[in-house]
Each structure stands twice: as structure tokens, then as C-alpha cells.
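Examination of the molecular architecture
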Amino acid sequence: MDWLQVVVLAVVQGLTEFLPISSSAHLILVPVLTAWEDQGLAFDVALHLGSLSAVVIYFRYEIGRMIASSLTALRGQEVNDDAMLAFWVVIATLPVCIVGFLLHDVISGYMRSTLIIGISLIVFGLLLGYADWKKRGARSEYQMTLKDVLIIGGAQVLALIPGTSRSGITITAALMVGMSREGAARFSFLLSIPVIVLAGGLEAINLLKDPQLIDIPAMLVGTLLSGISAYVCIHYFLVVIKKLGMQPFVVYRVLFGAWLLWFFHY
């Protein structure tokens, strides 16, 4: 890998992992618009590690309280809001884990087409716009019910369809059940932690089965750049949605999806 490839892939991964615009839709363009060879599983693991580090560092205080409160609750003591939030993250993650495990080969083998990605960008982008415009409420991530969590967790399964965007569909579902923009985004970011761990862990297992030459400097730089870009993305996304809402991302998704359909199919 040359250094330009390392920088581009790391920054694209870091930015699109958390914005509601689909990382798979953007990463599919890299081999199309360049002559770069596939970066390999080892580098993918490094990029996931960078994204994971960013969200953990950004929400370190919340995560610390959630872990401490969960341990307290497991000892039979008080179950407070932080313990419940940790419990909700676990519950909302189960559906995508089960479906992803059962349908992994189908999704990776038959659904990674530009047609599906383009349509998903447009359809789920419009759904995000509707949820933000008509359905959003004022509840935070600490005011969810079991019904809310099951709906959001069920919606996260749709993120297995390339082009949907994991953050996009979970934010959409959270808005639909009456959460605020900030509450929806923050819960979506917390949900990303177990998902990224599982996705990165699966890639690491596959890497152990098929060992590759590892470019240590490229992996270190990729991890760092992915982490920095992801951290900046999380911070400014939460700032932007307070002022502008989700509509700029909706417009971007529709235009990008339409371009993909035109470029690859007409």
C-alpha cells in the first residue's frame, strides 16, 4: 500500500462509520476510482480499531458510569439510569448479531451490488428525513422503554443491507419512537461499540485462518487517522444536528444514491 491509499481509506472509514451516509457506499468507490489493490483484512482490522478507539474515548465518561453501574446492579444493588442504558445497548445489539451470523454469506455474496446500495441510500435517506421532520421528540437515551429498544435493535438489522447505514437506520428508528436528535445520535454511537467489536473480531478470526503479510507502519498510521477522523466526525455531527437537523444528510444520500445508479447502470 502506498501512503495516499492509507490516508484516503483511513479518513473515509473514520468519517463514514458514524455519519448516516453509509460507509459501504463510499468504500465501494475507492477501487472504482483508483487502481489500488484490495487493502487486505489486516488493514481493515486496523481501521476498525481506530473507529472503535474514537467512540470509546469520546464517550469514556458515559461508558465508565455504565460499566460501574452495571457491576453494582449485578451485585443486586441499585439499578440506576446508567445501568439501564448499558442493558439497553446489549438488548439492542442482539438482533443484528443473530441475523448477521445466520445470513453473513448471503449478505456478503449477493447483496453488495451498486444497485442495492444506490436504492438503499435513497429509500432509507428519505425515511431518515421523514423521521426527523415528523416524528422526533425530546426524550434522551436515558428515557427509553423496552419497546423503544426492541424497535431500534430490530431496525439495526436493516443495516446489514449495504447502503442502509448502521448509524442512519438506528437514528431513524430512535427518532420514530420520539427521541431527540441528540439522544438518537448518542444512543446510535453507543450501539456502534459492540457492533464494531464484533465486526473487527470476525475479520481478525478470518485473518488468523488466512495469515497475510502485515505492513506495520501502514496499520499504525491507518489506525491513528481513522481514530482521529472518527472522533472529529462524532463531535461535529452532534454540533451540526442541533442547528441543521438530519436534512443535509438526507439530501446528500439522495443525490449520492442517484449518482451511483446513474454511473453504474446507465
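Parameters at a glance
Residues numbered from 1 in each chain as written. Predicted model: local features only at pLDDT ≥ 70, side-chain atom pairs only at ≥ 80, totals over all residues. Heavy atoms only, no water. Helix = DSSP H or I, 4+ residues; strand = E, 2+ residues; numbered from the N terminus. Rg over C-alpha atoms; globule rule 2.2 N^0.38 Å. Buried < 20%, exposed > 50% of the residue type's maximum accessible area, 1.4 Å probe, protein only. Contact = heavy atoms within 4.5 Å. Areas by Shrake-Rupley, 256 points an atom, 1.4 Å probe, with all protein chains shown as cover. Lys, Arg positive; Asp, Glu negative; His and termini not counted. Charge placed at Lys NZ, Arg CZ, Asp CG, Glu CD. Phe/Tyr/Trp six-rings, centres within 6.5 Å; stacked < 30°, edge-to-face > 60°.

1. Some thoughts on the overall build of the chain
- Broken down by element type, the chain carries twelve helices and zero strands.
- Listing the helices and strands of the chain from first to last along the sequence gives α-α-α-α-α-α-α-α-α-α-α-α.
- Computed over its C-alpha atoms, the radius of gyration of the chain comes to 18 Å, within 12% of the 18 Å expected for a compact globule of 266 residues.
- Once the C-alpha set of the chain is aligned to its principal axes, its extents read approximately 55 × 40 × 35 Å.
- Within the chain, the fraction of its 266 residues that count as buried is 47%.
- When contacts within the chain are restricted to residue pairs at least 6 apart in sequence, long-range pairs at least 24 apart make up 84% of them.
- When the accessible surface of the chain is split by element, carbon and sulfur atoms take 70% of a total near 13200 Å².
- For the chain, the distance from the average position of its 16 positive side-chain charges to the average position of its 17 negative side-chain charges is 13 Å.

2. So, the packing of aromatic side chains
- As enumerated under the stated definition, the model contains eleven aromatic pairs in all.
- Ring plane angle 65° and centroid distance 5.2 Å describe the contact between Tyr-58 and Tyr-231, whose orientation is recorded as edge-to-face. Remark: Tyr-231 occurs in helix H11 (residues 216-244) and Tyr-58 occurs in helix H4 (residues 41-58); sequence separation between them is 173 residues.
- By relative accessible area, which is 32% here, Tyr-231 ends up partly exposed.

3. A few points about unusual backbone geometry
- Unlike most non-glycine residues, Ser-22 shows phi in positive territory, near 75°.
- With phi around 85°, Ser-165 is a residue other than glycine that occupies positive phi space.
- With respect to the secondary-structure elements, Ser-165 resides in the loop between helix H8 (146-156) and helix H9 (166-176).

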